[in-house]
Amino acid sequence: MPTILGQNQYGKAETRVVKITRDGATHHIKDLNVSVALSGDMEEAHYSGSNANVLPTDTTKNTVFAFAKEHGVESAEQFGIHLARHFVTSQDAIHRARVRVEEYAWERIAVSDAGRAGHSFVRAGRETRTAQITYDGERWEVVSGLKDLTVLNSTDSEFRGFVKDRYTTLEEAHDRVLATSVSGRWRFHWTDDDQPMPDWDDSYRQVARHMLEAFAETYSLSLQQTLHRMGARVIDHRDEIDEIRFSLPNSHHFLVDLEPFGLENDTADGAVYFAADRPYGLIEGTVLRDGCEARIPVDLTSL
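Residues numbered from 1 in each chain as written. Predicted model: local features only at pLDDT ≥ 70, side-chain atom pairs only at ≥ 80, totals over all residues. Heavy atoms only, no water.

(A) Molecular detail of a nonpolar patch on the surface. There is a patch of nonpolar side chains on the surface, built from Ile109, Val111 and Val122 and spanning about 200 Å² of accessible area. With respect to the element layout, Val111 can be found in the loop between strand 4 (106-108) and helix 4 (114-117). (Patch = residues over 30% accessible without salt bridge, like charges linked within 9 Å, V, L, I, M, F, W, Y side chains within 5 Å. Areas by Shrake-Rupley, 256 points an atom, 1.4 Å probe, with all protein chains shown as cover. Salt bridge = Lys/Arg side-chain N within 4 Å of Asp/Glu carboxyl O. Helix = DSSP H or I, 4+ residues; strand = E, 2+ residues; numbered from the N terminus.)

(B) Inspection of the sheet that holds strand 12 (residues 281-288) at higher detail. Ordered in space as 1-2-3-6-7-8-9-12, the eight strands form an open sheet in which the pairing is antiparallel. What marks the edges here is a single partner per strand, and that holds for strand 1 (15-23) and strand 12. Across the sheet, the mean angle separating the axes of adjacent strands is 20° when strand polarity is ignored. By the bridge criterion, seven bridges tie strand 3 (residues 94-104) to strand 6 (residues 128-135) in an arrangement that is antiparallel. The partner of Glu102 across the bridge, within strand 6, is Thr130. This element, helix 5 (residues 200-217), spans strand 2 (26-40), strand 6, strand 7 (140-153), strand 8 (178-188) and strand 9 (241-250) of the sheet and lies at about 35° to strand 7. Of the strands in this sheet, strand 8, strand 9 and strand 12 touch helix 6 (residues 223-237), which is tilted by about 155° from strand 9. (Pairing = 2+ DSSP bridges. Axes fitted to C-alpha atoms, helices over the stretch in contact; angles between N-to-C directions. Contact = heavy atoms within 4.5 Å.)

(C) The nonpolar core, seen in detail. Counting 55 residues, the largest nonpolar core has Val34, Phe79, Trp186 and Met211 as the members making the most contacts within it. When neighbours within four sequence positions are excluded, Phe79 is seen to be in contact with Leu32, Val34, Val64, Phe67, Ala68, Gly72 and Val73. (Core = buried A, V, L, I, M, F, W, Y, C linked by side-chain atoms within 4.5 Å. Buried < 20%, exposed > 50% of the residue type's maximum accessible area, 1.4 Å probe, protein only.)

(D) Structural view of the packing of helix 2 (residues 57-70) against helix 3 (residues 76-90). With their axes 11 Å apart at the nearest point, helix 2 and helix 3 run at an angle of 130° to one another. Classed by the angle they form, the pair helix 2 and helix 3 counts as oblique. Remark: the crossing between helix 2 and helix 3 carries right-handed chirality. Between helix 2 and helix 3, the contacting residues are Thr60, Thr63, Val64, Phe67 and Ala68 on the first element and Phe79, His82, Leu83, His86 and Phe87 on the second. (Parallel < 35°, antiparallel > 145°, perpendicular 65-115°, else oblique. Left-handed = near helix turned anticlockwise from the far one by under 90°.)

(E) Up close: helix 5. Helix length check: helix 5, at 18 residues, gives a terminal C-alpha distance of 26 Å against a target of 26 Å (1.5 Å per residue), a fit within 8%. Along helix 5, the residues classified as buried are Trp200, Asp201, Ser203, Tyr204, Gln206, Val207, Ala208, His210, Met211, Ala214 and Phe215. (Expected span 1.5 Å × (residues − 1).)

Written as structure tokens, this is what we have:
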């Protein structure tokens, strides 16, 4: 039976590159995990095994390292743009490049000896920054994001008025702990070189700030409501962003039964909870600027 080759791509995944910039005694670190996927005229590599149009994946790895030295790492997005443009414009057979970048933050260690402070670092573990850059020779798509941003409200959250059937055992909560580990991706309005390019680092900082402020300021009747408030605040305050999508696991916190020990748990001075890691509710959704089309994949694990 005849077959037809469908979508295909190849590249080098998870190249770990650490760029240290020395400014006298003060050093700077950019710590990245870079994955490159290339597609184009690659049919013969599949049909006959011909590698005439195949740029080796080892070459893509080497390019990542060389570009980190030649161009530096201004931001995850800018580094990905340099790489994607290079692969598409330098190889006739490559029509599309997708570059994914994870960035891991480091902070300087404050020490009494000022001479050491400039080159001693501790890993900053609040969240992992992400970026995906796609280029087809004409149009750009930049989707930035973050993952593993853990947040918690110890009050100002309810969950009640929900549907109940014969399998429902959950009691209504008029005051509960609301916690989640935020995975978010947002797509920029910037799509071609004729448009002014956003300030990628400032945009990232401001988006993260608006998400956190919306989470903290929302009296939550559901995690769905909180998700929408977080996304709407970003869209309302950041003109460069057209779409944002969240995946929010509901990290349940259950009151511990302390009555067997003669203790009342939930009192005015506080309470003790069991933090359950699974199973968990998973709340996901996209918030769009009016008139824009959703393009971020529903399943964020594919980003």
